[in-house]
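If you want the building blocks of each chain, they are given just below.
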Amino acid sequence: MQDIKIDYTNIMAPAIGKANGLIEENFTALSFRADKIHDDLVSRRKSGDKPFYDLPYKIKEAKELIKAASTIKKNFSNMVVLGIGGSALGTTAMLTALGRPMHNFVSSRKRGGVRLFVADNIDPDEFGALLSTLKLKDTVFNVVSKSGSTAETMSQFMIVLDLLKNKLGRGWKKHLILTTDAKEGILREIADTYRLKTFVVPDGVGGRFTAFTPVCLLPAASAGIDILGMLKGAARMDERCRTGDLRKNPAYLFASIHYLQDTLKGKKMTVMMPYSYRLKDVADWFRQLWAESLGKARDIDGNPVHAGQTPIKALGATDQHSQVQLYVEGPFDKLFCLLEVESFKTEMPIPEPFEDQPGISYLGGQSLNRLIAVEKDGTEYALTTNNRPNMTIKLPEVSAHTLGQLLYMLEVATAFAGGLYRVDAFDQPGVEFGKQYAYAMMGRAGYEKKKAEYESGKSKKRLVV
Ligand code: PA5
């Protein structure tokens, strides 16, 4: 089993110059603080305060999920996850990375599991179309909400419940699986009242750190994804992340590069650009993790900081024809993290039908594999020669083992970056505001005062052309 690697040559001054590049002394200057943050995280882990760290070792629980998934696979051909944010993005990332390409379109034998749909949006056209397209009797709905009250997910749940009862009558219950808190929340109450099948979001694991919990692992296993392999990969990364040495711990290195580039070199944005379609939704998952964890108004002492780096997702080679012009020549405000896959599952040779057309004949006899590798090198070269800090995370291949490593590394990096920025990486007051606003304006009892407050705070006169 191979490890993922980080090549950070082009973050440093010798590659891109002093104005944008870091020097060794920058890391050295950080190491005293890094040691303290490391010690703090280690002791919080030991005390059980940060349970996400130990999720890779929940093998017994994972085997139970695999058992549940095999029953799901026997009874249903479709699973729809109703969830949003941390209750959805990890599942999508796993499906895109480890499901069969075109997963939902191939035969069940090739898929090795259910068709999986993650309904993380409440656009009525889209959601309505999904519900009317799937055969209800072949579909199980996994309602995922840690709080058990998120307006988007609960609305979807109510629509689905009504549909199931109307269309399927008495058998409706077996089409619902709820993943929520063990004890608290409305969804838990409903599950208990109606005796619905449930799985638990472990205590103390916030939405965006739930990749290795039933939130993502149940749908992933139901789609035929090797969840034990992912946990093994995550555990391998955990081993590598046990050291407090910034240059040896991949997660700490990743976080330090981001922090130093932000605070010393003004890189207020970070672009994650996989050169692998399978990894495109990892960039989306990371966007939430980095943004929601580090984008904070106040530091841990309550002082205003307005910290956070804006994460951007891009996709190679697609965005070479869209974003790279800006990245290479625009403002010096971005850091780049390219994801490179050394070996693809498919070898796709390019035929040679146009030998008399020198403008394209050179491509014949080569392969898409070589072309995407060259394109990644080209972007790296262009960024570097234009003095744009860039690093590459190299995955030997996209597999359960490497994906587990990557997701776990990014989670640990986020926790460590919280320490560097001195913010609470595990809360999300800004997200809670959106939730409160929806509750108030949609008329939830107990939110009457909030509704009046929000209404009075709105500008009365709209400027509209
Ligand atoms: O990371 C988070 O905490 C959020 O993105 C939540 O996952 C999201 O708001 C959904 O919350 P819940 O799972 O409570 O429905």
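See the structure shown above.
All of these numbers come straight from a predicted model, not from anything done at the bench.

Definitions and limits used
Residues numbered from 1 in each chain as written. Predicted model: local features only at pLDDT ≥ 70, side-chain atom pairs only at ≥ 80, totals over all residues. Heavy atoms only, no water. Helix = DSSP H or I, 4+ residues; strand = E, 2+ residues; numbered from the N terminus. Rg over C-alpha atoms; globule rule 2.2 N^0.38 Å. Buried < 20%, exposed > 50% of the residue type's maximum accessible area, 1.4 Å probe, protein only. Contact = heavy atoms within 4.5 Å. Areas by Shrake-Rupley, 256 points an atom, 1.4 Å probe, with all protein chains shown as cover. Lys, Arg positive; Asp, Glu negative; His and termini not counted. Charge placed at Lys NZ, Arg CZ, Asp CG, Glu CD. Near = heavy atom within 4 Å. Polar contact = N/O pair within 3.5 Å; in protein donor to acceptor, adjacent residues only side chain to side chain. Nonpolar A, V, L, I, M, F, W, Y, C, P; charged D, E, K, R; others polar. Pairing = 2+ DSSP bridges. Axes fitted to C-alpha atoms, helices over the stretch in contact; angles between N-to-C directions. Disulfide = S-S within 2.5 Å. Core = buried A, V, L, I, M, F, W, Y, C linked by side-chain atoms within 4.5 Å. Domains from an automatic or database assignment.

**Q** Explain the overall build of the protein chain residue by residue, including any values.
**A** The helix and strand tally for the protein chain stands at 18 helices and 12 strands. Taken over C-alpha atoms, the radius of gyration comes to 23 Å for the protein chain, in line with the 23 Å a tight globule of 465 residues would show. Judged by the C-alpha coordinates and their principal axes, the protein chain covers about 65 × 65 × 60 Å. Per-residue burial over the protein chain gives 49% buried out of 465 residues. Here the analysis covers contacts within the protein chain between residues at least 6 apart in sequence; of these, 75% occur between residues at least 24 apart. For the protein chain, the accessible area works out to roughly 22,400 Å², and carbon and sulfur atoms hold 54% of it. Across the protein chain, 63 positive and 53 negative side-chain charges occur, with their mean positions spaced 6 Å apart.

**Q** Pulling in residues and values, what's your account of the site of the ligand?
**A** What surrounds the ligand is a group of 15 residues, the closest being S87, S145, S147, T150 and Q288. At a separation of 2.7 Å, an oxygen atom of the ligand approaches a polar side-chain atom of S147. Within the side chain of E292, one N or O atom sits 2.8 Å away from an oxygen atom of the ligand. In the complex, 92% of the free accessible area of the ligand, which totals 380 Å², lies under the protein chains. Residues of the shell around the ligand, tallied by class, amount to 2 nonpolar, 9 polar and 4 charged.

**Q** Please give an account of the sheet that holds strand β12 (residues 390-397) that cites residues and values.
**A** Within the open sheet, the 5 strands sit side by side as β1-β12-β11-β7-β10. Their pairing is mixed. Because the sheet does not close on itself, it has two edges, and the strands there are β1 (5-7) and β10 (310-313). Along the sheet, successive strands turn relative to each other by an average axial angle of 20°, direction set aside. Here 7 bridges tie strand β11 (residues 334-343) to β12, and the two strands are oriented parallel to one another. In the sheet register, C337 faces β12, and the bridge partner there is M391.

**Q** For the state of the cysteines, give the residues involved together with the corresponding values.
**A** The full count for this structure, using the stated rule, is 0 disulfides. Cysteine C337 remains unbridged, with the sulfur of C241 as its closest cysteine sulfur at 14 Å.

**Q** Tell me about the pairing of strand β5 (residues 176-180), and name the residues and values.
**A** Judged by how many residues are buried, β5 sits mostly within the fold: 5 of 5 residues are covered. Residues L176, L178 and T180 of β5 are buried on one face, and the alternating residues I177 and T179, pointing to the opposite face, are buried as well. The pairing of strand β4 (residues 139-144) with β5 spans 4 bridges and is classified as parallel. Paired with N142 across the bridge in β5 is I177. With 4 bridges joining them, β5 and strand β6 (residues 197-200) adopt parallel strand pairing. Bridged to I177 within β6 is K197.

**Q** Would you mind going over the environment of K394 in detail, with residue names and values included?
**A** Structurally, the position occupied by K394 is in strand β12. Not counting chain neighbours up to four residues away, the residues in contact with K394 comprise I4, K5, D7, E340 and E342.

**Q** Tell me about the side chain of T210, residues and numbers included.
**A** When you line up the elements, T210 lands in the loop between β6 and α9 (214-222). Judged by its relative accessible area of 2%, T210 falls in the buried class. Contacts of T210, omitting those with residues within four sequence positions, involve G86, V201, V205, V215, C216 and E411.

**Q** Residues and numbers for the nonpolar core, please.
**A** Counting 96 residues, the largest nonpolar core has M94, M230, F254, I393 and L410 as the members making the most contacts within it. Residue contributions to this core peak at 14 residues, all from helix α16 (residues 400-421). Shared between two domains, this core takes at least three residues from each, and those domains are domain 1 (5-44 + 231-421) and domain 2 (53-225). Residues F117, L130, L131 and L161 belong to the second largest nonpolar core, which totals 22 residues.

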